[in-house]
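Close look at the chain arrangement
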Amino acid sequence: MFKKQILLSARLGSCQALNPFRANAVSRFYASGKAVALTADTYSDKVQRDSKYKKLDEKDLLFFRDILKDGNYMISNEQDLEFYNEDWMRKYKGQSQLVLKPKTTEQVSEIMKYCNAQKLAVVPQGGNTGLVGGSIPVFDEIILSLSNMNKIRSFDSVSGILKCDAGVILENADNFLAENGYIFPLDLGAKGSCHVGGVCATNAGGLRLLRYGSLHGTVLGLEAVLPDGTIYSSIDALRKDNTGYDFKQLLIGSEGTLGVITGVSILCPSRPTSTNVAFLAVSSYETVQKVFVGARKELSEILSAFEFMDGKSQLLTGRYLKADHPIESGDYPFYVLIETSGSNRDHDMEKLETFLANAMEEGLVDDGIIAQDEAQSQSLWSWRESIPEASAHDGGVYKYDVSIPLKDLYGLVEAAETKLNEANLVDIDSNDKPVVGAIGYGHLGDGNLHLNVCVREYNKNIEKTLEPFVYEWIQEKQGSISAEHGLGFQKKNYIGYSKSDVEIKLIKDIKNHYDPNGILNPYKYV
Amino acid sequence: MSSKLKILVPLKRVIDFATKPRINKAGTGVETTGVKFSMNPFCDIALEESLRIREANKDIVEKIHAVSIGPTKAQDILRTALAKGADTSTLVDVGNEEVEPLIVAKLLQKVVEKEQSNLIILGKQAIDDDANQTGQILAGLLNWPQATNASKVEIDGTKVTVTREVDGGSDTLSAELPMIITADLRLNEPRYATLPNVMKAKKKPLEKLKSSDLGVELVSRLETLKVEEPPARAAGVKVGSVDELVSKLKEVKAI
């Protein structure tokens, strides 16, 4: 069903022998500029290696080789390790000496049992598309990659329940479902790389949350290996089951600190056969909110995405895509992408056109376009989905993914921009200043804003200007410092801005109960 | 003939090019129920070119008329064309009948006479049947000069110069109006329909005709015997070393 990956691929090491000039090239398409600094160095004032964890030795390697039965499922070569040690934003870099890529849940169980006994720290890693450094080791933790567990286990075309391995790439799962007339209830920009297990472990939100709700609702069961090697499974759970504590809910969003998710059972809705996309230009944030209210009222059940983007995010995306903006009549302060999904194109189009006509008549929308075919829909979506890449394009990006009550949502971007300007750090064109600009975009439908501070380099001065300022601002507005990206390494020290002492204590109690040795994803989360 | 251009743009409604077509259960054609249809991409390029000619040459275009031959639903793509800038449009409703290029050309010939068009710009082919014949047959029926697979079009009074991409270079043709041009992929990049124009397009004229109104009988000369998928690609193998790779490649005589 899926394309077999990397057929007949020569190993990286041998290629380089043939071409000495490429010996230092990092094997990633976005590799550019200088090497990524080690997290351990950058944050040496915040975190030290805990000496309770054992250092990897020869005996351990032999043991793992014995479990995995195949040398190809272990990576300890310096250059190949780099891919697993770095995050895509080039912000965090670990020093792991070993990547394990088990093929079965039993292998994961044996690995965890051994690591627990030996006090070897472990970082579970999916597609490594996280935004807070959660999947990257801080020091020498072993990386447990789920990428070899990539099989669809079963699909029930009556109930729409999909069961699959944790390492199935989201887009592959969705393509599989598409052939059966169903859709994965979650979609996000990184769908081509991120894993189904990873999105559950991080409780990812994404573009369809508005329509299909959070994974806490759609995931029916999980299979996971606990830190001591115990295999927990609720993968055969039914849609309704009120017996006992719902343990899987603890794993969803645990970011690999409670267990390693190895299998997922998820309820999939039937795939909409008609999708329409419109892209609108709006003159103020207040008006964006009015358009949202109107869209919810008039499009009601077919509204499947309501994404807003500020003018600067589109400017940077245009530079990155090297393309002219689809809305040609001028630059506007805000843009909105509306998607409808339904089962009857005529009905949906009529609703959408009526809504848009009204919005234009009332002066809420200054200009707009409706995609006329699938290619145009995809092209319009790319102006939203390319923002994360565009924002990191000049060197790096500080990402803040926050929930704030709607009326104050965009105020955070303005506040951050003011703060950075006061510190005299910003210039959108000149390379003399470290910051390109602060941009805002996000899932307005969910009250979720992405504040991205696009930078030319990561530096302490920028970080000090933004943190804890941003977190304090959010706390003041009763927001959450992490709406959908999680805590990971970046926000470990800031959970107190969103959670009470009681809540934090409960979280720590649970962690200590299931992982008394603290071997799973240490130095992160809380 | 006046030197003002009356451009005719024929448009075909096809399965959206981004959707993967599937063969129907009977094996007689492609499954169409629940599938998204859009304007044929080459037709979209042809339409775009007519709009650009009007924008680049002030006052020389009198009218851009879009025409589609297809089911009632084909009026969706005509509305799109009107939203993008066509002035008027005609739908020749042939129901769900498959119409072969010769009949399409005969119907178009009648529309050309009716609209008194002097420049026809159409896609070089439709992505559903890939026939690449309609433009050429129409040129034969009208006995007009034709320039196929255009990658550049320039107008100077009544003289039209067309650059075509051919193997190993380009070929430049010029002719006096009236003329037929078929559009290739690189001619231009079509625009989006803007919201205000989509609204305005609802009020633009869309004439509906039957093939009998044009005096053309729908006959099929071809019979489709069977439609089948190309054979699936065989699964690959994974090798552990360069030596193994080399020996495998030798085995399959790739090196």
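Note that residues are indexed from 1 along each chain, following the sequence as it is written. Written order determines the labels here, with chains lettered from A and ligands numbered from 1. Residue-level local features of this predicted model are given only where pLDDT is at least 70; pairs of side-chain atoms are given and counted only at 80 or more, and the full residue set underlies all totals for whole chains, interfaces and linings. With hydrogens and water stripped out, all remaining heavy atoms of the structure feed into the side-chain values.

1. Describing the UniProt feature "domain: Electron transfer flavoprotein alpha/beta-subunit N-terminal" (unreviewed entry) in chain B
Condition: UniProt positions are given in the numbering used here, feature names are shortened, and annotations may be inferred rather than shown by experiment. Helix and strand definitions follow DSSP, with helices as H or I runs of at least four residues and strands as E runs of at least two, each counted in order from the N terminus.
The UniProt record marks residues 27–218 of chain B with the feature "domain: Electron transfer flavoprotein alpha/beta-subunit N-terminal" (unreviewed entry), using the residue numbering of this structure. In residues 27–218 of chain B, the share of helix is 30% and the share of strand is 33%. The end C-alpha atoms are 24 Å apart.

2. Observations concerning unusual backbone geometry
Omega for the peptide link from Glu467(A) to Pro468(A) comes to 5°, which places this bond in the cis form. Along the polypeptide, Pro468(A) turns up in the loop between α17 (460–466) and α18 (469–476). Cis peptide bonds are those with omega within 30 degrees of zero, and the linkage from Leu177(B) to Pro178(B) qualifies with -5°. By the element assignment, Pro178(B) lies in the loop between β9 (169–176) and β10 (179–183). Positive phi, normally seen in glycine, also occurs at Asn203(A), with a value near 50°.

3. Describing the sheet that holds strand β7 (residues 146–156) of chain B
Residues and elements named next belong to chain B. Cut-off, in case you're wondering: Pairing between strands requires that DSSP locate at least two bridges from one strand to the other. All axes are obtained by fitting lines to C-alpha atoms, using only the stretch in contact for helices, and the reported angles, taken between N-to-C directions, cover 0 to 180 degrees. We call two residues contacting when some pair of their heavy atoms lies within 4.5 Å.
Reading across the sheet, the nine strands line up as β9-β8-β7-β10-β6-β1-β4-β5-β12 and stay open at both edges, with mixed pairing between neighbours. Each having just a single partner strand, β9 and β12 (206–210) make up the two edges of the open sheet. Across the sheet, the mean angle from the axis of one strand to that of its neighbour is 30°, orientation sign disregarded. With eight bridges joining them, strand β8 (residues 159–166) and β9 adopt antiparallel strand pairing. Across the sheet, residue Lys-159 finds its bridge partner in β9, namely Glu-176. The sheet strands contacting helix α1 (residues 41–56) are β1 (5–11), β4 (61–70), β6 (119–123), β7 and β10, and the helix crosses β1 at an angle near 165°. Helix α4 (residues 134–142) contacts β6, β7 and β10 of the sheet and is inclined by roughly 175° relative to β10.

4. A closer look at the sheet that holds strand β16 (residues 448–455) of chain A
Ordered by their spatial adjacency, eight strands build an open sheet running β14(A)-β16(A)-β15(A)-β11(A)-β12(A)-β10(A)-β13(A)-β11(B), and the pairing between neighbours is antiparallel. With one partner strand each, in any of the chains shown, β14 (396–403) of chain A together with β11 (193–194) of chain B form the two edges of the open sheet. Here strand β10 (residues 274–282) of chain A runs beside strand β12 (residues 334–342) of chain A; their pairing, made up of nine bridges, is antiparallel. When the sheet's bridge partners are listed, Ala278(A) is paired in β12(A) with Ile338(A).

5. A word on empty space enclosed by the protein
Residue and element names in this part refer to chain A. Threshold: Both cavities and pockets are sets of points on a 1 Å grid over the protein atoms alone; in a cavity a 1.4 Å probe fits but cannot get out, in a pocket the set is open with protein on both sides within 12 Å along at least five of seven lines, and lining residues sit with an atom within 4 Å of a point. Grid points are joined across faces, edges and corners, and a volume is the space filled by probe spheres set on the points. When residues are sorted by character, Ala, Val, Leu, Ile, Met, Phe, Trp, Tyr, Cys and Pro go into the nonpolar class, Asp, Glu, Lys and Arg into the charged class, and all the rest, Gly among them, into the polar class.
Taken as a whole, this structure holds four cavities of 30 Å³ or more when the rule is applied. There is about 60 Å³ of room inside the largest cavity. In terms of lining residues, the largest cavity is bounded by Arg-49, Tyr-53, Lys-54, Leu-56, Leu-120, Ala-121, Asp-140, Glu-141, Ile-142 and Tyr-523. Residue composition of the lining of the largest cavity, by class: six nonpolar, no polar and four charged.

6. Focus on the packing of aromatic side chains
Which entries qualify depends on this criterion: Working definition: a ring pair exists when centres of Phe, Tyr or Trp rings (six-membered ring for Trp) sit within 6.5 Å. Plane angles under 30 degrees give stacked, over 60 give edge-to-face, the rest tilted. In this scheme, a residue with accessible area under 20% of its type's maximum is buried, one over 50% is exposed, and one in between is partly exposed, where area comes from a 1.4 Å probe on protein chains only. We call a charge positioned over a ring when the NZ of a Lys or the CZ of an Arg lies within 6 Å of the ring centre and within 35 degrees of the ring normal.
The final tally for this structure, using the stated rule, is 27 aromatic pairs over all chains. Ring centres of Phe247(A) and Tyr514(A) lie 5.1 Å apart, and the angle between their planes is 65°; on these two criteria the pair is classed as edge-to-face. Here Phe247(A), found in the loop between β8 (231–233) and α10 (248–251), pairs with Tyr514(A), found in helix α19 (residues 501–514); they are 267 residues apart in sequence, far enough to count as distant. Ring centres of Phe308(A) and Tyr410(A) lie 6.2 Å apart, and the angle between their planes is 75°; on these two criteria the pair is classed as edge-to-face. With Phe308(A) in strand β11 (residues 303–310) and Tyr410(A) in the loop between β14 and α16 (411–422), this pair connects stretches of sequence that are 102 residues apart. Owing to a relative accessible area of 0%, Phe308(A) belongs among the buried residues under this scheme. Taken together, the ring pairs in this structure connect Tyr285(A), Phe308(A), Phe334(A) and Tyr410(A) into an aromatic cluster. Directly above the ring of Trp473(A) sits Lys477(A), whose terminal nitrogen or CZ lies 5.1 Å from the centroid. Over the ring of Phe37(B) we find Arg13(B); its NZ or CZ atom is 4.0 Å from the centre of that ring.

7. Remarks on the domain arrangement of chain A
All names here are of chain A. Threshold: Annotation comment: domain bounds sourced from an automatic or database domain assignment. Using a 1.4 Å probe, buried area is obtained as the accessible area two parts lose upon being combined, added over both of them. Every case where a carboxyl oxygen of Asp or Glu lies within 4 Å of a side-chain nitrogen of Lys or Arg is listed as a salt bridge.
In terms of domains, chain A is made up of domain 1 (27–145), domain 2 (152–267), domain 3 (274–387) and domain 4 (394–485). Here the C-alpha centre of domain 4 lies 31 Å away from the C-alpha centre of domain 2. Buried surface at the junction of domain 2 and domain 4, summed over both partners, amounts to about 440 Å²; 48% is from carbon and sulfur atoms. Of all residues in domain 2, Gly-206, Leu-209 and Leu-210 give up the largest surface area on contact with domain 4, accounting jointly for 55% of the area buried on that side. Inspection of the domain 2/domain 4 interface yields zero salt bridges. Each residue belonging to the side of domain 2 that touches domain 4 can be placed in one class, and the counts come to four nonpolar, four polar and no charged.

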